[in-house]
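Report on the structure
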Amino acid sequence: MTTSPSPSRRWWLFAFVWWTLNGVASASQYVQMAGPGGEQVTWRHALVTSLASAWLWVPLTMLALWLAHRYPLGRGRLLPRLGLHLLSVIAVVVFRAVAVLVFNSWVGWYATLPPLPELLLTSAQNNVFLYSLVIGVAHAAHYASESRRRDDQLAEARLLTLKAQIQPHFLFNTLNTIALMVRESPANAERLITRLSELFRHALEGATIHEVPLADELRFAAAYLEIEAARLEDRLRVEWQIDPDALGARVPHLILQPLVENAIRHGIAPRSAAGRLRVAARRENGKVRLEVEDDGVGLDQAGRPAAAGVGLANLRARLAALYGPAGEFALTPTPGGGVTATLVVPYRASAS
């Protein structure tokens, strides 16, 4: 049974192949540039000197890749890391000068070997710019890998969110509500079945989508609230305060449903009296502000909903993955009792 090479082995192989091709190309150029009246250069000598010089770059390329992965240049600790990479440039200059000094008798770069200070100067002239390019390529490879890793984390968070939102308890409660209505109110039962199918279709169709227009999210939340209103009968009153300018904004897919679910399950449902739920959205200062407010049992002493589920934790993780610090989420007490969940994301217009 054969196994694929590890990532580090693939990089070693890639570096070796790349620099071998570079060495062959340099040897060809070396031979072609030797004029008829100039020094005669054999292919053997050109290949030996060019490949030896190129292969010395293989471990140096791996060093640049390791440094870019371990100490990438970015916002955090820029100056110390920049100093580290500058030290690596100096080390490369010294390494290649010493390599010429040690291996010249076997390779034959020079007929008469210059003194070490001259070798260091020549090494700096030939290698500083080239190694800087290698460092740049290494950073590009590092950040491409980081981008793929973040995409994978976002996909995992999205799947966790879907599992948290379309939970078995929701399906069980909805089917129970429909079962009770089948004989007493067949029309209402049929309407709830239609809404339930819309919820699942919306969730599954958007499984690979990060953001959707706010108008789509509101339609999904409305379908969910229609089912919950039928289950709670006259104990739920919903108010909508939607700014038309915000309807075209892109918001995270399935972001409203966990907020309204938590408000109903942990705020309104535990009460015996009827409850009010307010869903608001508006555009302000280049951002979109979403609010889900209830007049239920409120927060506990730790400042959390009376019974918080995993949906809010997944919501925070998705915001961090999509927007970083630009995505905000907060739970605050509602004056007079209850909780207000506030979600703020950067305003980005949808294509549709």
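1. So, unusual backbone geometry
One non-glycine residue with positive phi stands out, namely Leu 254, at about 60°. Leu 254 sits in the buried class, given a relative accessible area of 2%.

2. Points about the packing of aromatic side chains
Each aromatic ring pair is described using two quantities: the centre-to-centre distance and the angle formed by the ring planes. Evaluated as defined, the whole model comprises six aromatic pairs. On the basis of an interplanar angle of 85° and a centroid distance of 5.8 Å, the ring pair of Trp 11 and Phe 14 is categorised as edge-to-face. Taken together, the residues Trp 11 and Phe 14, both in helix H1 (residues 7–33) and three residues apart, mark about one turn of the helix. Their ring planes at 55° and their centres at 6.4 Å tell us that Phe 103 and Trp 106 sit as a pair that is tilted. Of this pair, Phe 103 and Trp 106 both sit in helix H4 (residues 78–107), three residues apart, which is roughly one turn of the helix.

3. Details of the side chain of His 139
Among the structural elements, His 139 can be located in helix H5 (residues 116–165). Taking the relative accessible area as the measure of exposure, His 139 reaches 8% and is therefore buried. Not counting the four nearest positions on each side in its chain, His 139 is found in contact with Ala 68, Tyr 71, Pro 72, Leu 73 and His 85.

4. Considering the packing of helix H2 (residues 43–55) against helix H3 (residues 57–70)
It is at 5 Å that the axes of H2 and H3 come closest, and there the two elements cross at 20°. Judged by the inter-axis angle, H2 sits roughly parallel to H3. On H3, the residues that touch Ser 53, Ala 54 and Trp 55 of H2 are Trp 57, Val 58 and Pro 59. Split into classes, the residues belonging to the contact of H2 with H3 amount to five nonpolar, one polar and no charged.

5. As for H4
Where H4 bends most, the angle comes to about 40°, and this point is Leu 101. Of the residues making up H4, those classed as buried are His 85, Ser 88, Val 89, Val 92, Val 93, Arg 96, Ala 97, Ala 99, Val 100, Asn 104 and Val 107. A positive backbone phi angle near 90° is found at Gly 108, which sits one or two residues after H4.

6. Considering the sheet that holds strand E5 (residues 287–294)
The five strands lie next to each other as E2-E4-E5-E7-E6, forming an open sheet whose pairing is mixed. Each edge of the sheet is formed by a strand with only one pairing partner; in this case those strands are strand E2 (236–242) and strand E6 (328–333). Put simply, the sheet's adjacent strands are angled 10° from each other on average, direction ignored. In the sheet, strand E4 (residues 275–284) pairs with E5 via eight bridges, with the strands oriented antiparallel. When the bridges of E5 are listed, Ala 281 appears paired with Leu 290. Sheet contacts for helix H8 (residues 214–232): E2, E4 and E5; angle to E2, the most-contacted strand, approximately 165°. Against the sheet, helix H9 (residues 256–268) touches E2, E4, E5, E6 and strand E7 (339–346), its axis set at about 20° to E5.

7. Observations regarding the confidence of the model for the protein chain
The predicted structure's coordinates, where accompanied by low pLDDT, should not be read in detail. Taken over all residues, the pLDDT of the protein chain has a mean of 83, while the share at 70 or more is 84%. Highest mean pLDDT in the protein chain belongs to E5 (95); lowest belongs to helix H6 (residues 168–184) (72). With pLDDT under 50 throughout, residues 1–5 is counted as low confidence; its partners more than four residues away or in other chains account for one contact.

8. Concerning the pattern of salt bridges
Evaluation of the coordinates by the stated rule reveals 17 salt bridges. Residues Arg 276 and Glu 239 are paired through a salt bridge, measuring 3.6 Å at the closest nitrogen-oxygen approach. With Arg 276 in strand E4 and Glu 239 in strand E2, this residue pair connects regions lying 37 residues apart in the sequence. With its nearest N and O atoms 2.8 Å apart, the salt bridge here joins Glu 291 to Arg 278. Of this pair, Glu 291 sits in strand E5 while Arg 278 sits in strand E4, and the two are 13 residues apart along the sequence.

9. What about the environment of Val 24?
Tracing the backbone shows Val 24 in helix H1. For Val 24, a relative accessible area of 38% corresponds to the partly exposed category. Counting along the chain gives 19 residues from Val 24 to Trp 43, while the straight-line C-alpha distance between them is 10.0 Å. Among residues more than four places away in sequence, those in contact with Val 24 are Leu 47 and Leu 51.

10. Some words on the packing of H8 against H9
The axes of two packed helices give the description: the angle between them and the distance between them. Interaxial distance between H8 and H9 falls to 9 Å at its minimum, and their mutual angle equals 25°. Taken together, the axes of H8 and H9 are roughly parallel relative to one another. Seen along the crossing, H8 lies across H9 with a hand that is right-handed. For the pair formed by H8 and H9, the contact residues are Leu 214, Glu 217, Leu 218, Phe 220, Ala 221, Tyr 224, Leu 225, Glu 228, Arg 231 and Leu 232 on the first element and Leu 256, Gln 257, Val 260, Glu 261 and Ile 264 on the second. For the contact of H8 with H9, a count of residues per class yields 10 nonpolar, one polar and four charged.

11. A word on a nonpolar patch on the surface
Together, Leu 87, Ile 90, Val 94, Val 98, Leu 101, Val 102, Phe 103, Trp 106, Leu 113 and Leu 116 give the surface a local cluster of nonpolar side chains, amounting to about 910 Å² of exposed area. Ranked by the residues each element gives to the nonpolar patch, the list is headed by H4, at eight residues. Assignment of secondary structure puts Leu 101 in helix H4. According to the relative accessible area criterion, Leu 101 is partly exposed, its value standing at 39%.

Each value, and the rule that gives it
- Residues numbered from 1 in each chain as written.
- Predicted model: local features only at pLDDT ≥ 70, side-chain atom pairs only at ≥ 80, totals over all residues.
- Heavy atoms only, no water.
- Buried < 20%, exposed > 50% of the residue type's maximum accessible area, 1.4 Å probe, protein only.
- Phe/Tyr/Trp six-rings, centres within 6.5 Å; stacked < 30°, edge-to-face > 60°.
- Helix = DSSP H or I, 4+ residues; strand = E, 2+ residues; numbered from the N terminus.
- Contact = heavy atoms within 4.5 Å.
- Axes fitted to C-alpha atoms, helices over the stretch in contact; angles between N-to-C directions.
- Parallel < 35°, antiparallel > 145°, perpendicular 65-115°, else oblique.
- Nonpolar A, V, L, I, M, F, W, Y, C, P; charged D, E, K, R; others polar.
- Bend = angle between axes of the 7 residues up to and from the residue.
- Pairing = 2+ DSSP bridges.
- pLDDT = per-residue confidence, 0-100.
- Salt bridge = Lys/Arg side-chain N within 4 Å of Asp/Glu carboxyl O.
- Left-handed = near helix turned anticlockwise from the far one by under 90°.
- Patch = residues over 30% accessible without salt bridge, like charges linked within 9 Å, V, L, I, M, F, W, Y side chains within 5 Å.
- Areas by Shrake-Rupley, 256 points an atom, 1.4 Å probe, with all protein chains shown as cover.

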